[in-house]
Amino acid sequence: MAKYVMWGSYCEGVLEKRAPYRQDHLDGLNAQKAAGTLVTIGPTKDTKMVFGIYEAEDEATVRNLVESDPYWKNGIWTEYEIREWIQAI
């Protein structure tokens, strides 16, 4: 399977605004991790950006996961970019 890197941006006031969606967000990420699709994901220390690594059949699969996430659907993630990644080591 191919690996993909996702970079995204958080909305202003993310720590307060994410509260109603956080548990559903984490539950979905845990399900993706258990299925082997999500390798890792998390915010930058300043909570301005999100970074994730996925293993999937194609980019469309990763886009579907991102756009199905409560953070995307509710404006917590405001934009994102996906790039196929070649792991050298």
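That block above? That's the structure.
Residues numbered from 1 in each chain as written. Predicted model: local features only at pLDDT ≥ 70, side-chain atom pairs only at ≥ 80, totals over all residues. Heavy atoms only, no water.

## Remarks on the packing of aromatic side chains
Link 1 in the chain: Overall, the coordinates contain three aromatic pairs when judged by the stated rule.
Link 2 in the chain: Here the aromatic rings of tyrosine 71 and tryptophan 77 are separated by 5.9 Å at their centres, their planes lie at 85°, and the arrangement is edge-to-face.
Link 3 in the chain: Overall, the relative accessible area of 3% leaves tryptophan 77 in the buried class.
Link 4 in the chain: With centroids separated by 5.0 Å and ring planes inclined at 90°, the aromatic side chains of tryptophan 72 and tyrosine 80 adopt a geometry described as edge-to-face. (Phe/Tyr/Trp six-rings, centres within 6.5 Å; stacked < 30°, edge-to-face > 60°. Buried < 20%, exposed > 50% of the residue type's maximum accessible area, 1.4 Å probe, protein only.)

## Quick look at the pairing of strand β2 (residues 38-43)
Link 1 in the chain: The pairing of β2 with strand β3 (residues 49-56) spans five bridges and is antiparallel. What sits directly across from leucine 38, in β3, is tyrosine 54.
Link 2 in the chain: Between the antiparallel neighbours β2 and β3 lie five residues, among them threonine 47 with a positive phi of about 55°. (Pairing = 2+ DSSP bridges. Helix = DSSP H or I, 4+ residues; strand = E, 2+ residues; numbered from the N terminus.)

Remember that the coordinates give geometry; whether it matters functionally is a separate question.
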